[in-house]
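Structural characterization, general
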Amino acid sequence: MNIKFFNKTILIFLLLTTSVWSGEITSFSEKKFFQLFPTKVCDQIYEKLNYGEDELEGDILVEVNQDINALTVDEYKNIFSINFSERRYSYTEDRLKIILTEISSTSRQLMQILISIAYEKKNEKIVICEYDLNKSIYENKFFDPKIFFKNAWEIKSKNQNKILVYYDGTIEYQYKDETINYFIPQFNYKAFPFDDHGIKISIASLNENLRFEKSTEYLSLLEKMKKNKYEDISTPGWSIKSLDSYVAMDAVDTSIKAYKMSSLETTIQFQRNWFTYLIKFIIPMILITLLTFGALYLRLEHGRAGIAGTLLITYVAYNFVLNNKLPNLLYITFMDTLVLSGYVFCIINIVLLYFLSAISGTNFAKKNYKTVNLHCRFWPPVLYIASILISGRYLIN
């Protein structure tokens, strides 16, 4: 049957019959749309469905929409979480068109939708019925797409999943408010707090007849997110650098047969929000270390060794705060080298202060004190800055 003729038939019939609204649903592209058919008619359609009992014939092209709401990283538990506000998978079922034609032509209970709404929605897909996804698949009314997340550790869902039936014969599987958790032992924190990471989210189907395709809505959403620099996605402590999706075909070889599995791959690159670490920790720690070197310019009677010791204690306090930022790792990070070099040069400076105090008044000091003091003032800060730059060059790529 011609699709355009079928669509026109349904709309004309709706306009010529009486009017009732049975429910309201949330849309992916728009926030609101309406179920056209009353519940009694949707129940009649439901009774005629048996797609879960039949084997799929040929490849089925499934359009994918997905809306990422938030990304979180739990560094202590090594868990990466991605929250989808909604995922949608749709395909066109020709057999459903026949059922809808029969129902619309025989049922007197099918009501008219308001003409103004029909005109408003004339260029959009219209939902006529909605069903509980899990129940419908369990009762074999709709086939099970067997969609899963590769390598996911845990999937949390509020079980608000639905199947939507559109007047043009489209069937849509709608998954709402899900959180997918992954273990992330592969993350490298050597550049902390200037580290960035990447992860790949793979959504595939165990049904070998399914072929994924990015829908027009999803392509528009990707462009919109990129234009807004991904600020619509909640990423506490992090910023998204890029987010790309593409369809892949993976070879699968089982004991029975070999086939290609379709999957939608989403790669996400994100970096830590390092500016607060720079202001709160890195600059203060560098200044504290440089202040200990400044004690060399004070006179002996001003208690410069005591001042350097006080600054060292302040440094220890900063170190306690930083210990809560990352779990214990098997390697050192850039922040670790900054703290370690600060400790080392603070202690070296205190030793130099006591050394200069010890040799003052001696015959050696009378001849060489100015030269020794000049070297003590110049080389430690130079070596300290050089150590920061070298460690940064090595650890921060």
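The rules we used
- Residues numbered from 1 in each chain as written.
- Predicted model: local features only at pLDDT ≥ 70, side-chain atom pairs only at ≥ 80, totals over all residues.
- Heavy atoms only, no water.
- Pairing = 2+ DSSP bridges.
- Helix = DSSP H or I, 4+ residues; strand = E, 2+ residues; numbered from the N terminus.
- Expected span 1.5 Å × (residues − 1).
- Buried < 20%, exposed > 50% of the residue type's maximum accessible area, 1.4 Å probe, protein only.
- Arc of directions from axis to C-beta.
- Phe/Tyr/Trp six-rings, centres within 6.5 Å; stacked < 30°, edge-to-face > 60°.
- Lys NZ or Arg CZ within 6 Å of the ring centre and 35° of its normal.

Moving on to the pairing of strand E3 (residues 60-74). In the sheet, E3 pairs with strand E11 (residues 210-214) via five bridges, with the strands oriented parallel. If you follow Val64 over to E11, its bridge partner there is Lys214. Pairing geometry for E3 and strand E4 (residues 79-92), over eleven bridges, is antiparallel. What sits directly across from Ala70, in E4, is Asn83.

Our focus in this paragraph is helix H6 (residues 216-227). Between its first and last C-alpha atoms H6 spans 17 Å; for twelve residues at 1.5 Å apiece the expected length is 16 Å, and the two agree. Turning to H6, its buried residues are Tyr218, Leu221, Leu222 and Met225. Down the axis of H6, the sector holding all buried residues measures 100°, keeping them to one side. Exposed positions of H6 whose direction lies more than 90 degrees from the buried face are Thr216, Glu223, Lys224 and Lys227.

Under the counting rule described, the total for this entry stands at 21 aromatic pairs. Taken together, a centroid distance of 5.1 Å and an interplanar angle of 35° make the contact between Tyr46 and Tyr131 tilted. With Tyr46 in helix H2 (residues 39-48) and Tyr131 in strand E5 (residues 127-132), this residue pair connects regions lying 85 residues apart in the sequence. Taking relative accessible area as the criterion, Tyr46 reaches 11% and is therefore assigned buried. Given a relative accessible area of 8%, Tyr131 falls into the buried group. Ring pairing ties together the aromatic residues Tyr46, Tyr51, Tyr131 and Phe142, which thus form one cluster. Over the ring of Phe84 we find Arg87, and its NZ or CZ is 6.0 Å from the ring centre. The ring of Tyr175 is capped by Arg87, whose NZ or CZ atom sits 4.6 Å from the centre of that ring.

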